[in-house]
Each structure stands twice: as C-alpha cells, then as structure tokens.
Amino acid sequence: MKLFKHVIIIFTILMGVALLAMLYFVGNYGMTLSDVGTYNDQELEIYKQIWSEINSGVESSQRVLLRYCIIFWLAVLLLGYLLILAIYLTQIKPIKKMEQVATEIAKGNLDAIIPMHPGNMFEGFTESFDLMREELKSSKERELAAEHAKREMIAELSHDLKTPVATIQATCEVLEMKLNRKLNELERDATRYNSLDYNTADVTENISEIKDFLEKTGYISAKSETISQLVQNVFRANLDDMEEISVVPEETDSRKIQEYVSSLKEYGNVILDNDIPECLVYIDRLRMSQVIDNVVGNSYKYAGTDIHVSFSEIKDIPSKDRKKNSFIKVTIRDNGPGVPESELPLVIEKYYRGSDTKDKSGYGLGLYLVKWYMEKQGGGMEYYNDDGFVVELLVKKV
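Residues numbered from 1 in each chain as written. Predicted model: local features only at pLDDT ≥ 70, side-chain atom pairs only at ≥ 80, totals over all residues. Heavy atoms only, no water.

**Brief notes about the overall build of the protein**
Condition: Secondary structure elements are taken from DSSP: a helix is a run of H or I of four residues or more, a strand is a run of E of two residues or more, and numbering for both begins at the N terminus. Per-residue and other accessible areas follow the Shrake-Rupley method at a 1.4 Å probe size, with only the shown protein chains counted as cover for residues.
A count of helices and strands for the protein gives seven helices and seven strands. Total accessible area on the protein stands at roughly 25000 Å², and carbon and sulfur atoms take up 57% of it.

This is the structure:
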C-alpha cells in the first residue's frame, strides 16, 4: 500500500514538472523583428507596418497552442490516474485483501474466504491458498470432533466406573458391619469361656481370622475410595473443557426406565411403588440411566433410608412453542432430613455442595447433570422437601 502511494506521489510530481515546462516553452513562443531575417530599409519599413497584424496572429496561435497543450496534459494526467486506479483494483487491492484474510486465518478464523479475481497475476496463488484454507478448516473440524469424542468417552467411562466402585464400597461396608458384629460376638464368647476355664484356642483363632478379614476389607474400601476420587477428578476435568455433552433422545419403550430403577441393587432398599405406564418416550438411554443412577445414588448417600420410586402420567402441558405435550413423571423420594431450605435453590448449581456433605465424597455435579440431561431430552426436573428429599423427573412421551 505504501508503494502504491509513492507511485501516485511520484506521478503527480512528474506531471507537475511537465506542466511547468510546457507553460515555460509555450510562454516563450513568439517572434521578434530580429526573427524576420535580413531585409533592406524599404522592405523593413513595409514589414514594420504589417508587424502588429503578424504579432497579433502569433499571440492568437500561442493561446491556441497553450489550450491544446493543457488539454493534452489533463488527458495524460487523467489517463495516468485511471491506469493507476485500474492497477490498484485489479492487482494491488486483491493482494491487500489476501493479506487481511491471511491475518484472519492466523487468528483462527478459517471461514474467511479470499474473493477470486480473474486476470489477477496472483489468481493461481489465490486458488491454492483457498484450497489450503479449506483443508485446514476440515483438519481443524476433524481434530475438534476427535477431541470432543475423546472427552465425551472419558466422561462416560468415568461415570460408568462410578457404579461398580460404589458397589465395591457398599459391599465393603456390609462386610465390615457383619464382621464387626461377628467379632463382637466372638470376643464376648472368649470372655465368657475364660471365666469358665474353657479352652478358647478356636475362638482366638477365629477372632484373629476375622480381624485379618476386617483389615483386608478396610484396605479394599480405602483403595476403592481412592479410585472414586480419581474418577471424579477425571470427570470434572473433562466436564470443564467440554462445551456440550452429547444427548440424543430416541423413541424408547418406557419400561426401560423401570428396568434402570430395578437394576440399582447397590443403593440399599429401592422400592417400586407401582409400574410405569407402557408407552413410547423420548430418552437417550445412556443419559437416562445416568440420571436415575445420580438421583437414587444421592438419596442413598445422604439420606440412608429406603428409597421409593413411583410413576404417573401428566397430559396436555403447554410447551414454549404452544404445543401440548404429555409426560411420564418419575418421582424418587427418600425419608431423610432433606436439604436445608436456604440451600435448596443451589443444589442444581455446578460444583455446589451443601453444608451437610463435608464427610461425603463428591464434586456437586449429580443434580446439575440430572437437570442438564432431562432438559436436553425434552423433559424437565423438579425437586423439593416433603418428609425427605423428592426429585420429580418429567420424561416426554412420543
């Protein structure tokens, strides 16, 4: 661009010098008496008489010549500027545009397109550059898709690992309870036998064996807790980086939801109060299983009571597009202390954990993901306290 400005300035200066030179030479164009040659006195006297007429004609010719020279100069000036403008529009401006597009591409905007200008000396280069941009864009899209798929897979695996780890922890807790109860009974027997002078070698051996089992069970429980924490760390890291978790609802038999509930054996006593109405619903099977697992798992972790699950049908609820939809309502209820009223609006916030969760593991993602998954499936979620904590899931019917 600077070179182009310099060309304009130089051309203007040259044309100005040409104008001054032309004015000088035309201005000095004329005739004097010395220009008429050598004549005798009689001829010179006659020439002097007609000189004024001749001089008047010369001045008139001088003005005409000056006019034609100025017109010619203006034409050359105009044609020069038009030629420079044509060169700018056809050659230099496309280069400037190419520079702007290259800057945008360097910033990561791979949608910037260089306009094609037939006849431009960089036409072939422009086409090759645009092909390179398209290839970069495709490569970037493939890279982002692969990265997103990888993060989504890690998030799903992290969540799927949570259930078997929770089962191991729950099994360890049950084993520890049973072993401690058995140990207490044997220790009471050993004390009674000692007072009666019985041989307690077998009892002592049993006590030693149970203590060994308790130690190993505690070791397994501690390691499973470590695995749980690591899985949660991985899940949280991936969730932070992911723009959006994929949810793809499909027409599914509603009884699949009841199967998800019935399969949760590791979360204590989960009671089905009734059967789900048979129909087709819109759900993502993986996400719906995660929703059920999160809600029931939370009740088991924080309430520690029986968990009741019931199903009902809701009809003709108007949506944002004013269409009336029907839903299956899944109500999951525990008999625990519930959530403090001051914290109730916050429990669905990302990473929020209540004041009563200090001795419990977790990152505050359970209900946040439940709400996210349900809305992405075209349904919704409500929650409240009612002699325990209650979560209602609305699943859209087909």
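**Some details on the sheet that holds strand β5 (residues 324-334)**
Where we set the bar: Paired strands, as defined in this entry, are two strands with at least two bridges between them according to DSSP. Structural elements are reduced to axes, namely lines fitted to C-alpha atoms, with helices fitted over the stretch in contact, and the angle between N-to-C directions of any two is expressed from 0 to 180 degrees. Should any heavy atoms of two residues lie within 4.5 Å, those residues are considered in contact.
The five strands lie next to each other as β2-β4-β5-β7-β6, forming an open sheet whose pairing is mixed. On the outer flanks of this sheet lie β2 (270-272) and β6 (380-385), each paired with one strand and no other. Across the sheet, the mean angle separating the axes of adjacent strands is 25° when strand polarity is ignored. Here seven bridges tie β5 to strand β7 (residues 389-396), and the two strands are oriented antiparallel to one another. Following the sheet pairing, Val330 is matched in β7 by Leu393. Taken strand by strand, helix α5 (residues 255-262) contacts β2, β4 (307-318), β5 and β7, and its axis lies near 150° from that of β2. Docked against the sheet, helix α6 (residues 285-302) engages β2, β4, β5 and β7, running at close to 170° with respect to β7.

**With respect to the packing of aromatic side chains**
Heads up, the condition is: Aromatic pairs are defined between Phe, Tyr and Trp rings, using the six-membered ring for Trp, whenever the two ring centres lie within 6.5 Å; interplanar angles under 30 degrees are classed as stacked, those over 60 as edge-to-face, and all others as tilted. Think of it in three bands: residues with accessible area under 20% of the maximum for their type are buried, residues over 50% are exposed, and the middle band is partly exposed, with areas taken using a 1.4 Å probe on protein chains only.
Applying the stated rule across the entire model yields three aromatic pairs. When the centroid spacing of 5.5 Å and the interplanar angle of 75° are considered together, the rings of Phe11 and Tyr81 count as edge-to-face. Linking Phe11 in helix α1 (residues 2-27) with Tyr81 in helix α2 (residues 41-106), this pair joins segments that are 70 residues apart in sequence. You can call Phe11 buried: its relative accessible area is 18%. Take Tyr81: its relative accessible area is 31%, and that puts it in the partly exposed class.

**Considerations on the pattern of salt bridges**
As a working rule, side chains carrying opposite charge can pair if their charged atoms are close by. Inclusion rule: Take a side-chain nitrogen of Lys or Arg and a carboxyl oxygen of Asp or Glu: if they are within 4 Å of each other, that pair is a salt bridge.
Evaluation of the coordinates by the stated rule reveals nine salt bridges. Between Arg255 and Asp253 there is a salt bridge, and its shortest N-O distance comes to 2.7 Å. Since its relative accessible area comes to 29%, Asp253 is described here as partly exposed. One salt bridge connects Arg333 with Asp386, and the closest N-O pair in it is separated by 3.2 Å. With a gap of 53 residues between them, Arg333 in strand β5 and Asp386 in the loop between β6 and β7 connect regions that are remote in the sequence. A residue is classified by how much of its surface remains accessible, and Asp386, at 36% relative accessible area, is partly exposed.

No statement about biological role is implied by the geometric values presented.
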